[in-house]
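# Remarks on the overall topology
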Amino acid sequence: MKLMKPSRAVGIIGYGAYVPRYRIRAEEIARVWGGAEDGLPIEEKAVPGLDEDTVTMSIEAARNALARAGIAPTDLRAVWIGSESHPYAVKPSSTIVADALGAAGSILAGDWEFACKAGTEALQAAIGLVGSHMAEYAMAIGMDTAQGRPHDALEYTAGAGGAAYIVGPAENALAILEGSYSYVTDTPDFFRREHQHYPEHGNRFTGEPAYFDHTLRGAQGLLDALGFKPSDFTYAIFHQPNVKFPQVAAKKLGFKPEQIAPGLLTNKIGNTYSGAAMIGTTATLDLAQPGDRILMCSFGSGAGSDAFSFVVTDKILERRNKATKTQWYVQRREVIDYAVYARHRGKLVMN
Amino acid sequence: MRNVSVVGIGQTQVGEHWDRSLRDLATEAALNALRDAHVDHADAIFVGNMLSGQLTGQENLGALIADEVGLRGVDTLKVEAACGSGAAALHVGYLAVASGQFDLVLVAGAEKLTESSSCNTTASLAMAADADYETVHGISFIALNALLMKRYMYEYDLVPEDFAAFSVNAHANAVHNPNAMFRSPITVEHYKRARDISDPISVMDSAPVCDGAAAVVLMATDNLNGNRARAIKIAASAIGSDSLGLHDRRDPMWLSAVELSSQKAYRQAGIAPQDVNLFEVHDAFSIMSVMSLEAAGFAARGRGALLAREGAITPQGKLPISTMGGLKARGHPVGATGVYQAAEVVQQLRGEAGKNQVANAHVGMAQSLGGIAANAVTHIFVN
Amino acid sequence: MDLARHWRLKDQRYRLEGTVCADCGAKFFPPRQVCLECKSTNLTPREFNGHGELYSFTTLRSAPMGFEDQVPYTVGVVKLDEGPMVEAQITDVNADALKIGQRMEMVTRKLRAQGDNGLIIYGYKFRPETKAD
């Protein structure tokens, strides 16, 4: 397997998370549809406020990332946002976010779509941009306010949240990139056609041939390319559409439960799609120590996986306190019922 | 400058006039005023109106009303100063006669607020505020008053009931005004039970959305020839202005425009606040009454609400206000309101206010505000 | 569609860009062309940090057109630490938990959408201050 690594050493110089404050309990969704209250895929999921969308949530995560990086917004040469819930079908979210940050002007901006791996795809591109000396700093965001069809299995898990990363030269990094690897095939496990509100999915087809095959190949590919084994890592974060999938994937690869625990947030915020692996990683960085090695492995339907290996530097100790931490957002919660949830998610016919 | 007198007044009933258009109402009020003045013409017509274009699709009201009242050809224009439009039109009419340009001027205020959906009316009234920095945030005109009232209550340690006496007085006075919209009295209990629109403001703190028109005829006092016993002299006509947006005020708890325009008016009339026998205050919201009483010099800062509690504002008190029901109970057809106030003060000074007659009324003041007192128009009348 | 009128205000809406008087140092939000303190016309752009105190607030139960789908919502006046006062919606909080004088911070949110096919207007709102821990 061939490792991806730019000729110039790069790393994460700033990161920021965002999760909206509202939560709906899975048992509340089960109450409405008469579902079983045991065996629910998660406890509760985050729901965006009426005034929130991928753009506003990206802005807050990005401001947190800038605060940690300690660079001027105008030092950025790219703002890229991966999401499957961009508020406009045509018109970039990224220009709004770049302008809100004060980064607009001499900059690249673009929206990325690859189901749940759009954010890490943007991160791969940011690594390439900085690693090739085309830019000193580039921002990659994974953020979603995903919709699940009422009564669909996905309604229990489709959450809201994500994270922003600023890639820069390794000498200024709080976590240095050791290398990355991507694995992609045409596997139609989950998709949403143009103009449709809700996605379609292949039920159990989304499991073995899609999530597991790509996640395992992505992660194993990176391990093989780097010559590492799971025990070489302090932490690992996998895409987390529910609680069980990342646990099973970690186990199959040989990771222990305590390695994935800090980054496994789905139970409390739901599946944040493009944001899922990325916000699991910000939660992990919030408590990592210098020298810790972290595996981040995303999965996106359609299908593919991006895997990254980072080594934390001593810069983490000071920088992580410069912005609101991931767990603060996770623990900030206002529980709403299904009626309010339906209103927040635009499921009430107003006109 | 010449002295100017009011020689005729006309009012339509204030209410929801489903069967009558803006032009119907304005024409009725104008014809009533001309009839009351015993004249059949005017040299110029000034029409006060805020929202005819937005709510009824009709602008150029000056030409329209001139034509409707049979005075096609005269000098005419519409005057807009938000809720103070009617009083601003009166100010223009006053200047037109005082300057010597015209001898006989008709001033009409007309507004039809019920022609549109309530959310469109709410949005339109908010045009009195700052579009880019207030209304774009969904801040309605009621909300602006609520922001003031909540802060005022915080600063002076008051509760909503401290404002109840203003609405109780207004409704009591409207009972005897045939032109008023609400002609039934309310109690403090009604006030306390009222539904919040934008806390702490309830429906009982707010003037209603309604339609109406009023008109006055102005004449140079020198031309009265001593035979117009019911003529009432305009002793002062003054406008003061302030920032449009609340956020732009150094001290949001003080209505500078009210102070400026009141002080100018007192100087013009050569009087002091204590000489005023009755005050038609801009009681669109209770908080506006309270803050106006302070800025106009009738109460010390933070003491405006006390005047009402002491009973000073009733027709028998030392400063009767809203004597014909005020904006709260007579109703507040916004661009017409300033002209209603003028007509009502004239009624009082003529001694024609019926059961609401203020005894020994010689000096009456009317004050109309545009926006959150972004402009204040003050008129003082003497008999 | 009134696209230009919102676009031209984006620096203010996104980043609280106001002005500072180059002659007397007075700070303004919204931006002004003439200094209120010294009448100078020599004003330059200045961003405000968005932290301040809640001066007043109210919850609307009846909304102007364009905001019907947000009812009930809370608006307030925030006095920025750097001087100016700003009016905006208050978000991420239950109104009964608000108190005059409490610390607030600016966030960027959707102010409203112009229907299903129109512009989404983004801009500043305020919420109770959250401290980086």
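Here the structure is a predicted model, which is why all the values come from computation and not from measurement.

Reading guide: rules and limits
- Residues numbered from 1 in each chain as written.
- Chains lettered and ligands numbered in written order.
- Predicted model: local features only at pLDDT ≥ 70, side-chain atom pairs only at ≥ 80, totals over all residues.
- Contact = placed C-beta atoms within 7 Å.
- Helix = DSSP H or I, 4+ residues; strand = E, 2+ residues; numbered from the N terminus.
- Nonpolar A, V, L, I, M, F, W, Y, C, P; charged D, E, K, R; others polar.
- Expected span 1.5 Å × (residues − 1).
- Buried ≥ 20, exposed ≤ 12 C-beta atoms within 10 Å, placed from the backbone.
- Pairing = 2+ DSSP bridges.
- Core = buried A, V, L, I, M, F, W, Y, C linked by C-beta atoms within 7 Å.
- Domains from an automatic or database assignment.

## Describing the interface of chain C and chain A
- Every contact between the two is made by 17 residues of chain C and, on the other side, 22 residues of chain A.
- When contributions to the side of chain C that touches chain A are tallied by element, the ones reaching two or more residues are α2 (10-15), β7 (103-113) and β8 (120-128) of chain C.
- For the side of chain C that touches chain A, the leading source of residues is β7(C), giving four residues.
- Residue classes in the side of chain C that touches chain A are distributed as five nonpolar, four polar and eight charged.

## Some thoughts on helix α4 (residues 118-131) of chain A
Residue and element names in this part refer to chain A.
- Helix length check: α4, at 14 residues, gives a terminal C-alpha distance of 20 Å against a target of 20 Å (1.5 Å per residue), a fit within 8%.
- α4 sits mainly inside the fold: twelve of its 14 residues count as buried.
- Along α4, the residues classified as buried are Ala118, Gly119, Thr120, Glu121, Ala122, Leu123, Gln124, Ala126, Ile127, Leu129, Val130 and Gly131.

## Here we look at the sheet that holds strand β3 (residues 43-47) of chain C
Residues and elements named next belong to chain C.
- The three strands lie next to each other as β2-β1-β3, forming an open sheet whose pairing is antiparallel. Because the sheet does not close on itself, it has two edges, and the strands there are β2 (27-28) and β3.
- Two strands pair when backbone bridges link them, and strand β1 (residues 17-21) and β3 are joined in this way by five bridges, in the antiparallel orientation. Of the residues in β3, the one forming a bridge with Glu17 is Glu47.

## Describing the interface of chain C and chain B
- Taken together, the contacts link 27 residues of chain C with 27 residues of chain B.
- For the side of chain C that touches chain B, the elements supplying multiple residues, two or more each, are β4 (51-60), β5 (73-80) and β6 (85-90) of chain C.
- The element that contributes the greatest number of residues to the side of chain C that touches chain B is β4(C), accounting for six residues.
- In the side of chain C that touches chain B, the residues fall into 17 nonpolar, seven polar and three charged.

## Section: the pairing of β4(C)
Residue and element names in this part refer to chain C.
- Burial runs high along β4: eight of the ten residues are buried.
- Strand direction decides the pairing type here: β4 and β7, joined by three bridges, are antiparallel. Residue pairing across strands places Gly52 opposite Met104, the latter belonging to β7.
- Across eight bridges, the pairing between β4 and β5 is antiparallel. Note that in β5 the partner of Leu54 across the bridge is Val78.

## Topic: the nonpolar core
- Counting 169 residues, the largest nonpolar core has Leu106(B), Val107(B), Ala108(B), Ala215(B), Val216(B), Val217(B) and Val339(B) as its most contacted members.
- Two domains each put at least three residues into this core: domain 1 (4-117 + 210-232) and domain 2 (138-206 + 235-382) of chain B.
- Not counting chain neighbours up to four residues away, the residues in contact with Val339(B) comprise Gly48(B), Gly86(B), Leu90(B), Val107(B), Ala108(B), Gly109(B), Ala214(B), Ala215(B) and Val216(B).
- Residues Val47(A), Met57(A), Ala250(A) and Val312(A) belong to the second largest nonpolar core, which totals 114 residues.

## Here we look at the environment of Phe141(B)
Residues and elements named next belong to chain B.
- The topology assignment puts Phe141 in helix α6 (residues 141-156).
- Its 27 C-beta neighbours within 10 Å are what place Phe141 among the buried residues.
- Remark: the alpha-carbon pair of Phe141 and Ala110, spanning 31 residues in sequence, is separated by 20 Å.

Shape descriptors only; they carry no functional weight alone.
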